[in-house]
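Summary of structural features
Here is how the chains run, residue by residue.
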Amino acid sequence: MTDGARSATGPGTGLRQAETHCPYCALQCGMVLRDTGDRVEVLPRQFPTNRGGLCQKGWTAADLLDHPDRLTTPLLRDRPGGELRPASWGEALDRIVTGIRTVQTGHGRDAVAVFGGGGLTNEKAYALGKFARVALRTRHIDYNGRWCMSSAAAAGIRAFGVDRGLPFPVADLARAETLLLVGANPAETMPPLMRHLADQRHAGGRLIVIDPRATATARQADLHLQPLPGTDLAVANALLHLAVTEGLVDREYVAARTTGFEEVRRTVAGYWPAEVERLSGVPVADLAETARALGTARSAIILTARGAEQHAKGVDTVTAFVNLALALGLPGRPGSGYGCLTGQGNGQGGREHGQKADQLPGYRKIDDPAARAHVAGVWGVDPDELPGPGVPAYRLLDSLGTPGGARALLVFGSNPVVSAPRAARVTERLRALDLLVVADFLRSETAELADVVLPVTQWAEEDGTMTNLEGRVLRRRALREPPPGVRSDLAILAELAARLDPSGPESAESRAIAPTAAESAAARPATAGPAAAEPDAAGPEATRPATAGPADRFPTDPREVFAELRRASAGGVADYAGVTWDRIDRDDGVFWPCPDPDGPDTPRLFADGFPTPDGRARFHPVSHRPAAEQICADYPLHFTTGRVLAQYQSGAQTRRVAALRRAAPGGFVELHPDLAARLDVAEGDELRVTSRRGELRAPARLSPAIRPDTVFAPFHWPGAARANSVTNDAVDPVSGMPEFKICAVRVEKA
Ligand SMILES: Nc1nc2c(c(=O)[nH]1)N[C@H]1C(S)=C(S)[C@@H](COP(=O)(O)OP(=O)(O)OC[C@H]3O[C@@H](n4cnc5c(=O)[nH]c(N)nc54)[C@H](O)[C@@H]3O)O[C@H]1N2
Ligand SMILES: Nc1nc2c(c(=O)[nH]1)N[C@H]1C(S)=C(S)[C@@H](COP(=O)(O)OP(=O)(O)OC[C@H]3O[C@@H](n4cnc5c(=O)[nH]c(N)nc54)[C@H](O)[C@@H]3O)O[C@H]1N2
Ligand code: SF4
Ligand SMILES: [Mo]
């Protein structure tokens with residue numbers, strides 16, 4: 001195979017194969033797909049993140065390509081309460097356009113909303129944000145990254161001036177003498193990442209894990225702190241308190257590279273370790289050992305994930321760990337720093353290019369006049385035509401169908417019926433819509449409620465880019481053509497934009513049905529790889545007259561979209577202007593920011609300074625506050641949620657893979673044997689977990705690994721076992737992130 005053309009026929013084999021990445025999580029493990037004629041094989045591939053490893057989900061990812069549940073025709077519901085039936089593309093698109101027009105005419109432009117996903121490629125995420133602002137002209141767009149990354153993102157921006165999950169390559173983890181994981185369970189959520197952790201241990205490094213459960217990750221640690229859920233902020237402040245009293249603060253670094261330490265020092269002075277032990281259950285000795293392990297190491301890394309972040313105080317909790325990292329002088333030092341483990345496949349890129357309510361491409365702010373002018377220029381519209389900021393995901397979903405809320409919703413890449421907090425309420429809001437459109441390749445639980453379902457391509461049928469947890473932009477490469485009847489998300493957005501365009505050359509009614517993705521793909525050269533010259537970033541679109549209607553502004557070729565994204569992001573915080581597909585192919589990915597095609601990219605941030613106005617990182621004093629919902633006589637236990645290895649997210653995909661269903665067949669409630677004895681519960685007994693918002697039913701799984709005052713359930717299943725029937729919809733005031741990780745429940749035998 002030649003460089004730059006890695007989707008091709010293998011030499012002498014007659015087999016088509018493609019070097020691509022796993023469709024699931026942010027580790028974006030390298031894999032080779034091979035079409036043997038009757039099936040698609042997945043082979044692991046050496047890539048810096050996975051180093052030849054894959055987890056069970058990656059190995060089985062191709063099972064969904066020709067799955068019997070795969071959607072290959074649009075579905076339409078003729079009347080409320082009726083069944084979904086197969087329909088033609090023309091009929092489905094007409095129904096959507098008519099529905100959007102009716103809603104916008106009656107209730108204004110903002111009455112149509114868009115909900116995106118962190119699994120979408122950069123090109124799709126960019127096109128979706130542009131579609132909302134230019135074709136629908138609504139301010140209402142947000143996405144499932146709000147459930148996932150938003151608290152760490154907000155904390156990163158306020159401290160460092162930038163949000164890139166890891167500001168260094170994953171391989172740097174092995175260089176940390178001390179590694180602290182807070183609310184992260186990578187042994188189940190990113191198994192190949194454990195290879196880097198094993199290297200760290202072999203080099204003599206120490207691993208410390210903070211988790212209310214003794215997870216597969218915690219069991220590998222030298223030290224496991226097992227706090228009550230929702231007390232991490234206090235734990236972090238106590239660690240900084242100890243660092244101060246034991247003289248571990250890097251005074252030179254604090255003086256030269258940061259601002260605001262004094263106020264933080266005064267705040268943490270009140271976090272006496274003994275008091276924090278009473279609050280969190282973490283022994284003073286363990287707090288002291290952790291503070292010393294971090295403060296005396298030559299190199300140390302602190303990582304947070306959803307356990308610390310998915311709280312109504314997630315931003316402040318992450319800030320507390322960032323404060324600790326800054327006081328110890330870690331960010332920017334080799335083999336050291338603070339990072340957040342991004343979750344979804346394109347969780348990083350998905351939050352940079354405009355599907356966030358307050359954001360334009362390149363991580364620009366939608367309320368910044370200069371940002372609006374730049375992006376409007378690229379889009380060929382008047383800046384004054386761009387809508388203002390919308391509202392975060394939960395507020396958006398919670399207001400659907402209410403007075404003042406949106407009445408039509410288009411969902412691309414999420415399954416909120418299973419994954420949203422307080423899911424019964426969200427389901428009720430979705431049912432109240434005048435029009436629900438879902439683009440998916442499977443009939444997800446959310447698609448089941450839709451008025452129109454549009455069948456889309458899968459990862460092995462697509463070209464595009466993803467940005468992994470390291471901020472490394474990667475290539476997704478197509479192996480094969482999509483099945484007939486299926487279209488790409490980009491093609492759907494382009495077609496809808498054309499039909500919605502009031503000034504377009506062809507009106508919606510008279511416009512011929514555009515070819516399907518399969519049809520137009522058939523017209524492309526046989527190698528789906530980047531054989532054709534990449535459109536210049538300052539190419540023809542740049543000079544296209546601003547009078548062209550939206551119809552012309554939605555290219556369907558991902559290369560063209562990426563070229564436009566580069567221009568839209570140029571000069572922004574997440575600058576992709578210098579990233580080209582060829583360069584990604586050559587260098588195993590390109591780290592942003594990368595403003596110049598001939599200049600360097602940025603594997604490591606903060607070596608010389610922080611992208612803040614004065615170049616210094618900023619401390620922020622933060623204080624512990626209790627969870628939004630407290631335990632009481634009626635709801636005496638803490639409830640927390642998370643993941644298991646063999647299922648992914650809402651499970652829409654992985655529940656359909658036979659091997660994964662065998663490995664993790666259904667929901668369960670994990671509880672301590674002492675608690676089980678008190679409740680007279682035996683292993684396997686059907687339990688009812690009830691909160692103020694609803695209940696779930698699932699079998700008991702007894703485990704000494706969990707605190708006796710806390711029960712845990714994974715959130716991958718719909719129906720009776722749905723964890724989000726129980727969770728709290730309280731959100732962080734800054735980020736809008738819901739409190740998935742703690743609420744008050746009662747547990748009894750069902
Ligand atoms: N198998 C699998 N892998 C995945 C995913 C998946 O669905 N399945 N999803 C991907 C995505 S999108 C994401 S975001 C990541 C998430 O990756 P992780 O953050 O590792 O996953 P979670 O299981 O949600 O949470 C991690 C841990 O937080 C702990 N926890 C709960 N409450 C608290 C608390 O208050 N404090 C602390 N310190 N810990 C707490 C839980 O016990 C759990 O072990 O995984 C990615 N990888
Ligand atoms: N209780 C609880 N709830 C949680 C969490 C938790 O820890 N606890 N974690 C939260 C987190 S971190 C996350 S990230 C969310 C995730 O939850 P969701 O947003 O529901 O994510 P997925 O289950 O990945 O849903 C993606 C859907 O889009 C489809 N899809 C995949 N790729 C594409 C594509 O390219 N185009 C289109 N059109 N469709 C596509 C899939 O088939 C699937 O139906 O869940 C959140 N919910
Ligand atoms: S760790 Fe993540 S990217 Fe790697 S194979 Fe598993 S799901 Fe895919
Ligand atoms: Mo996530």
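Residues numbered from 1 in each chain as written. Chains lettered and ligands numbered in written order. Predicted model: local features only at pLDDT ≥ 70, side-chain atom pairs only at ≥ 80, totals over all residues. Heavy atoms only, no water.

**Re the packing of helix 7 (residues 232-245) against helix 10 (residues 273-280)**
Axes are the key here: two packed helices are described by the angle between their axes and the distance separating the axes. Packing of helix 7 against helix 10 leaves a shortest axis separation of 10 Å and a crossing angle of 160°. By the angle between their directions, the pair helix 7 and helix 10 is classed as roughly antiparallel. The handedness of the crossing between helix 7 and helix 10 is left-handed. Facing helix 7, whose interface residues are A234, V235, A238, H241 and L242, helix 10 presents P273, V276, L279 and S280. Among the residues forming the contact of helix 7 with helix 10, the class breakdown is 7 nonpolar, 2 polar and no charged. (Axes fitted to C-alpha atoms, helices over the stretch in contact; angles between N-to-C directions. Helix = DSSP H or I, 4+ residues; strand = E, 2+ residues; numbered from the N terminus. Parallel < 35°, antiparallel > 145°, perpendicular 65-115°, else oblique. Left-handed = near helix turned anticlockwise from the far one by under 90°. Contact = heavy atoms within 4.5 Å. Nonpolar A, V, L, I, M, F, W, Y, C, P; charged D, E, K, R; others polar.)

**Observations regarding the domain arrangement of the protein**
In terms of domain boundaries, the protein breaks down into domain 1 (5-64), domain 2 (85-147 + 346-475 + 486-591), domain 3 (163-334) and domain 4 (637-749). Across the boundary between the two partners, domain 2 contributes 19 residues, which contact 21 residues of domain 4. Note on domain 2 versus domain 4: buried area summed over both sides is about 1600 Å², and carbon and sulfur give 59% of it. Put simply, domain 2 and domain 4 have 2 salt bridges between them. With a shortest N-O distance of 3.1 Å, R655 and E445 are connected by a salt bridge. If you look at where domain 2 meets domain 4, you find 13 residue pairs in polar contact (both at pLDDT 80 or more). Every element with two or more residues in the side of domain 2 that touches domain 4 is listed here: helix 16 (416-419) and helix 17 (423-431). Of the residues contributing to the side of domain 2 that touches domain 4, the split by class is 11 nonpolar, 4 polar and 4 charged. (Domains from an automatic or database assignment. Buried area = accessible area lost by both parts, 1.4 Å probe. Salt bridge = Lys/Arg side-chain N within 4 Å of Asp/Glu carboxyl O. Polar contact = N/O pair within 3.5 Å; in protein donor to acceptor, adjacent residues only side chain to side chain.)

**As for the nonpolar core**
Residues F131, F160, I302 and F639 are the most contacted members of the largest nonpolar core, which totals 196 residues. With near-sequence residues (within four places) excluded, F160 lies in contact with V322, L326, P331, Y338, F606, F610, P611, T612 and A617. (Core = buried A, V, L, I, M, F, W, Y, C linked by side-chain atoms within 4.5 Å. Buried < 20%, exposed > 50% of the residue type's maximum accessible area, 1.4 Å probe, protein only.)

**Comments concerning the pattern of salt bridges**
This structure, assessed with the given rule, holds 51 salt bridges. Linking K749 and D680 is a salt bridge whose minimum nitrogen-to-oxygen distance equals 4.0 Å. Of this pair, K749 sits in strand 29 (residues 743-749) while D680 sits in the loop between helix 24 (673-679) and strand 26 (686-690), and the two are 69 residues apart along the sequence. Judged by relative accessible area, which is 41%, K749 ranks as partly exposed. A cluster of three or more residues bridged by salt bridges with shared partners is formed by R688, E695, R697, R746 and E748.

**Quick word on the side chain of T319**
Examined against the element boundaries, T319 turns out to sit in helix 13 (residues 314-327). Assessed through its relative accessible area of 3%, T319 is described here as buried. Excluding its chain neighbours within four sequence positions, the residues that come into contact with T319 are A155, R158, H620 and V622.

**Concerning the pairing of strand 7 (residues 112-116)**
Most of strand 7 is tucked away, with 5 of its 5 residues classed as buried. Residue alternation in strand 7 divides its side chains into two sets, V112, V114 and G116 and A113 and F115, and both sets are buried. Where strand 7 meets strand 17 (residues 408-412), 4 bridges bridge the pair, whose relative direction is parallel. Considered in strand 17, the bridge of F115 is made with V411. Where strand 7 and strand 8 (residues 141-143) come together, 3 bridges link them in parallel fashion. In the sheet register, F115 faces strand 8, and the bridge partner there is D142. Note on the crossover from strand 7 through helix 3 (residues 122-136) to strand 8: the handedness is right-handed. (Pairing = 2+ DSSP bridges. Right-handed = clockwise from strand over helix to strand, strands pointing away.)

**Here we look at the pairing of strand 29**
Here strand 24 (residues 637-642) runs beside strand 29; their pairing, made up of 3 bridges, is antiparallel. Residue pairing in the sheet places H638 in a bridge with A744 of strand 29. The sheet contact formed by strand 26 and strand 29 spans 4 bridges and is antiparallel. Pairing of L687 across the sheet is with K749, part of strand 29.

**Topic: unusual backbone geometry**
Across the junction of W592 and P593, the peptide omega takes the value -5°, indicating a cis bond. Examined against the element boundaries, P593 turns out to sit in the loop between strand 22 (590-591) and strand 23 (617-618). Its identity as a non-glycine residue notwithstanding, F606 has a phi of 75°, on the positive side. Tracing the sequence through the fold places F606 in the loop between strand 22 and strand 23.

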